[in-house]
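So the chains spell out like this:
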Number of protein chains: 2
Amino acid sequence: MSVRISGETVPVTIGAMESSSTTPGGSSRREATRQKLYEAAVTLIAEQGFSATTVDEIAERAGVAKGTVYYNFASKSVLFEELLRHGVGLLTASLREAAERTAREGGTRVDALDAMIRAGLVFIDRYPAFTQLYVAELWRTNRAWQSTLMVVRQEAVAVVEGVLREGIEGGEFSDEIDVPLTAAALVGMVLVAALDWQSFQPERSLDDVHSALSRLLQGRVSGRP
Amino acid sequence: MSVRISGETVPVTIGAMESSSTTPGGSSRREATRQKLYEAAVTLIAEQGFSATTVDEIAERAGVAKGTVYYNFASKSVLFEELLRHGVGLLTASLREAAERTAREGGTRVDALDAMIRAGLVFIDRYPAFTQLYVAELWRTNRAWQSTLMVVRQEAVAVVEGVLREGIEGGEFSDEIDVPLTAAALVGMVLVAALDWQSFQPERSLDDVHSALSRLLQGRVSGRP
DNA sequence: GTTTTTGCACTGACCAGTCAGTTCAATTTG
DNA sequence: CAAATTGAACTGACTGGTCAGTGCAAAAAC
């Protein structure tokens, strides 16, 4: 069964619903297979892009039969969409944890931003392929998973925005800063610096990158150290 | 072959002209067709990605037959590669111009960076689709045009790095800043803030975005205005 | 005995690239 | 001038190949 919505034919899961996309519990065997498929898909799609990556390739790299892919995911797009949700979920949790830990330990909001920068770098260092793929898809229009991306992006950016707002309320930040734009700029700063680090100077340490970004955050670029 | 007219040596398009891919002169008809193809390709690829965009679509949107695409470009990849070169060339020229203008008018290096931020924003505002597509491809590995991208990226980033280095030499910037990383971070800041502006709050003015980024650059986030 | 996976043949849509033929503006010829 | 010629530019039907998704019987795992 399917329904036409704005020119796209969208499948409607009625009845059944077995495990559903959000994959809450499920048998651990199934979950392990899904995990293998995520891992295979993420690197292939990061390298080649979504359309250029075939389901056969994904199955082969995961060491699984093609039929298994379709047993676990309704389609190639759905696999990808769930992969996105999964990955950004990890990032958001990590950012939130960094902000909360800083607050708990009595740090300032600048400390919190700094901790989030580090958390972002650690994430990118650990999941470079995912980051790459996410950046490549985020600003595209007219794609099936567009709305998923927007929701998921907002979750992550909202964490940064939250810290900025708290800082303004507490008088730590100027109340003239533009919260959404500044948050986006900070995210971009970390994202692009980290991707460049990975791609073009992988020999640098995470601490190097972190301190360069800290300095920029704290306006210690112009003037003496 | 060439002809002298009023002291100038003017090339005359006679016969063959093979043309070659770099398209220096070429007949104006041909050049116009190429331009139409660039414009059609840039928006389609930005929306859908390279692999998901068909040559038929590009031809149709350009109002041209499919054969014409192959008459003008050796392949779909070559069309794309030349498009990349073309676009980044425009950006680099614009950044360089901003830096030079500031220097000529006696501005500081911070002024130069600020002018380059603005130039970047103006560029992205004018060519959002190109920017989007560039970001989506830049960090991919294993693609045919990988080397083109690296060269072309370095040209643009080098302009920023140049200004940073001059600022360090002149004592205006701390000599502890990490030039390549800071340049990448600055580019990322502008890129992501601008793309987010375009995608998620297009009603904001360029000046709004510019002043938010200026503030961040000058470390006026924490503390009073 | 139920769930999950396998292996593999098959289909129908789609698409990059080709090529024989057409158009047309500029040039040459009578 | 007009007719004939030239060749670059363009056309679009066609081809060979690829790939998402299907169907299913048998095996494996739990």
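Computed from a predicted model, the values in this text were never measured in an experiment.

Draft legend 1. Quick peek at the relation of the copies chain A and chain B. Structural alignment of chain A on chain B gives an RMSD of 0.2 Å, achieved by rotating through 180 degrees and translating 0.1 Å along the axis. Both chain copies can therefore be described as sitting about a two-fold axis. When the interface residues of chain A are mapped onto chain B, 100% of them again lie at the interface, so the same face is used by both copies.

Draft legend 2. Region of interest: the side chain of Gln48 of chain B. By the secondary structure assignment, Gln48 of chain B is in helix H1 (residues 28-48). Under the relative-accessibility criterion, Gln48 of chain B is labelled buried at 19%. Only 3.3 Å separates the side chain of Gln48 of chain B from the side chain of Thr53 of chain B, close enough to count as a polar contact. Not counting residues within four places of it along the chain, the set of residues in contact with Gln48 of chain B comprises Arg140 and Arg143 of chain A together with Thr53 and Glu57 of chain B.

Draft legend 3. Region of interest: the packing of aromatic side chains. Across all of its chains, the model carries 14 aromatic pairs over all chains by this definition. Between Phe50 of chain A and Trp145 of chain A, the ring centres sit 4.8 Å apart and the planes meet at 65 degrees, which makes this aromatic pair edge-to-face. Residue Phe50 of chain A is found in the loop between helix H1 (28-48) and helix H2 (55-62), and its partner Trp145 of chain A is found in the loop between helix H6 (128-138) and helix H7 (146-169); the two are separated by 95 residues along the sequence. Like Trp145 of chain A, Phe50 of chain A is buried. Ring geometry for Phe130 of chain A versus Tyr134 of chain A: centroids 6.1 Å apart, planes at 15 degrees, classification stacked. Of this pair, Phe130 of chain A and Tyr134 of chain A both sit in helix H6, 4 residues apart, which is roughly one turn of that helix. As far as the burial class goes, Phe130 of chain A and Tyr134 of chain A line up, both buried. We note Arg34 of chain B situated over the ring of Phe73 of chain B; from NZ or CZ to the ring centre the distance is 4.8 Å. Sitting above the plane of the Phe200 of chain A ring, Arg153 of chain B keeps its charged end 3.9 Å from the centroid.

Draft legend 4. Spotlight on the confidence of the model for chain A. Scored by pLDDT, chain A comes out at a mean of 85, with 85% of its residues at no less than 70. Counting contacts from residues 1-25 of chain A, a segment whose pLDDT is below 50, to residues more than four positions away or on other chains yields 21 contacts.

Calculation rules
Residues numbered from 1 in each chain as written. Chains lettered and ligands numbered in written order. Predicted model: local features only at pLDDT ≥ 70, side-chain atom pairs only at ≥ 80, totals over all residues. Heavy atoms only, no water. Least-squares fit on C-alpha atoms with pLDDT ≥ 70 in both. Contact = heavy atoms within 4.5 Å. Helix = DSSP H or I, 4+ residues; strand = E, 2+ residues; numbered from the N terminus. Buried < 20%, exposed > 50% of the residue type's maximum accessible area, 1.4 Å probe, protein only. Polar contact = N/O pair within 3.5 Å; in protein donor to acceptor, adjacent residues only side chain to side chain. Phe/Tyr/Trp six-rings, centres within 6.5 Å; stacked < 30°, edge-to-face > 60°. Lys NZ or Arg CZ within 6 Å of the ring centre and 35° of its normal. pLDDT = per-residue confidence, 0-100.

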